[in-house]
Amino acid sequence: MSVFDSLFAEAKTARETAYVPYSRFKVGAAILTNNDSVVSGCNVENAAYPEGTCAEAGAIAAMIRAGSSRIKEVVVIADAALCTPCGGCRQKLKEFADNDVKVHVANLEGLRRTFTVGELLPAGFELEEQN
Ligand code: THU
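Being a predicted model, the structure only gives us computed values, none of them experimental.

This part takes up the site of the ligand. Residues in close proximity to the ligand include S23, F25, V27, N43, E45, C54, A55, E56, C83, T84, P85 and C86, which together make up its full environment. With respect to the ligand, the side chain of N43 contributes an N or O atom lying 2.9 Å from an oxygen atom. Here an oxygen atom of the ligand sits 2.6 Å away from a polar atom, N or O, in the side chain of E56. For the ligand, whose free accessible area comes to 380 Å², the fraction covered by protein is 76%. Class assignment of the residues belonging to the shell around the ligand gives a composition of 7 nonpolar, 3 polar and 2 charged.

Now the structure itself:
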């Protein structure tokens, strides 16, 4: 099984567990970590809408909990033409991924398009040390 295939399968399974009573839009995300483990997340909505969290954020939390802190590859899946990560999640991914890390966007049938983190968030914010 290729890296994409295993991330796709995990993201698809994670998507099924999404808590989406408000949007009814399920998203799953799977990350290959620097330890070669696979972690995943789903979106979790809230009656106070802005408190909902994206699938990517859940997968990142699972990665940190699992003791990894670098992202090697990502798959995001939804039943949509092209469910690219939202702006906030692009910044969240950048925190833990180099610019050349691949983010595969899939629908339920398979891969739709592959981006790099740098393509998704050009000139992304990095905290500079103060002198
Ligand atoms: N959502 C994600 O979880 N990830 C994305 O990449 C895009 C959007 C969620 C947020 C919300 O629960 C639902 O999709 C509709 O916006």
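From this point, the narrative continues.
Turning our eyes to something else, we now look at unusual backbone geometry. One non-glycine residue with positive phi stands out, namely D36, at about 60 degrees. Note that D36 resides in the loop between β1 (27-33) and β2 (38-42). Here A123, not a glycine, exhibits a phi torsion of approximately 55 degrees, which is positive. Note that A123 resides in the segment after α4 (117-120). The exposed category is assigned to A123, whose relative accessible area is 87%.

For helix α3 (residues 87-96), the full list of buried residues reads C89, R90, L93, K94 and F96. The arc that holds the buried residues of α3, viewed along the axis, is 165 degrees, so those residues lie on one side. The inward-facing, buried residues of α3 abut α2 (55-65), β3 (71-78) and α4.

The next thing to look at is the nonpolar core. Residues I31, I60, M63, I71 and V74 are the most contacted members of the largest nonpolar core, which totals 22 residues. Elements supplying a minimum of two residues to this core: β1, α2, β3, α3, β4 (102-107) and α4. Once you skip the residues sitting within four places of it in the chain, V74 turns out to touch L7, A30, I31, L93, K102, V103 and H104. Core analysis: the next-biggest nonpolar cluster, separate from the first, contains 9 residues, L7, F8, V75 and I77 among them.

Turning to the side chain of T33, a few remarks are in order. Looking at the secondary structure, you find T33 in strand β1. Owing to a relative accessible area of 0%, T33 belongs among the buried residues under this scheme. Looking at T33, its side chain comes within polar contact range of the side chain of S68, at 3.3 Å. In this structure, T33 is in contact with V39, M63, S68, R70 and K72, ignoring residues within four places of it in sequence.

Cut-offs used in this document
- Residues numbered from 1 in each chain as written.
- Predicted model: local features only at pLDDT ≥ 70, side-chain atom pairs only at ≥ 80, totals over all residues.
- Heavy atoms only, no water.
- Near = heavy atom within 4 Å.
- Polar contact = N/O pair within 3.5 Å; in protein donor to acceptor, adjacent residues only side chain to side chain.
- Areas by Shrake-Rupley, 256 points an atom, 1.4 Å probe, with all protein chains shown as cover.
- Nonpolar A, V, L, I, M, F, W, Y, C, P; charged D, E, K, R; others polar.
- Helix = DSSP H or I, 4+ residues; strand = E, 2+ residues; numbered from the N terminus.
- Buried < 20%, exposed > 50% of the residue type's maximum accessible area, 1.4 Å probe, protein only.
- Arc of directions from axis to C-beta.
- Contact = heavy atoms within 4.5 Å.
- Core = buried A, V, L, I, M, F, W, Y, C linked by side-chain atoms within 4.5 Å.

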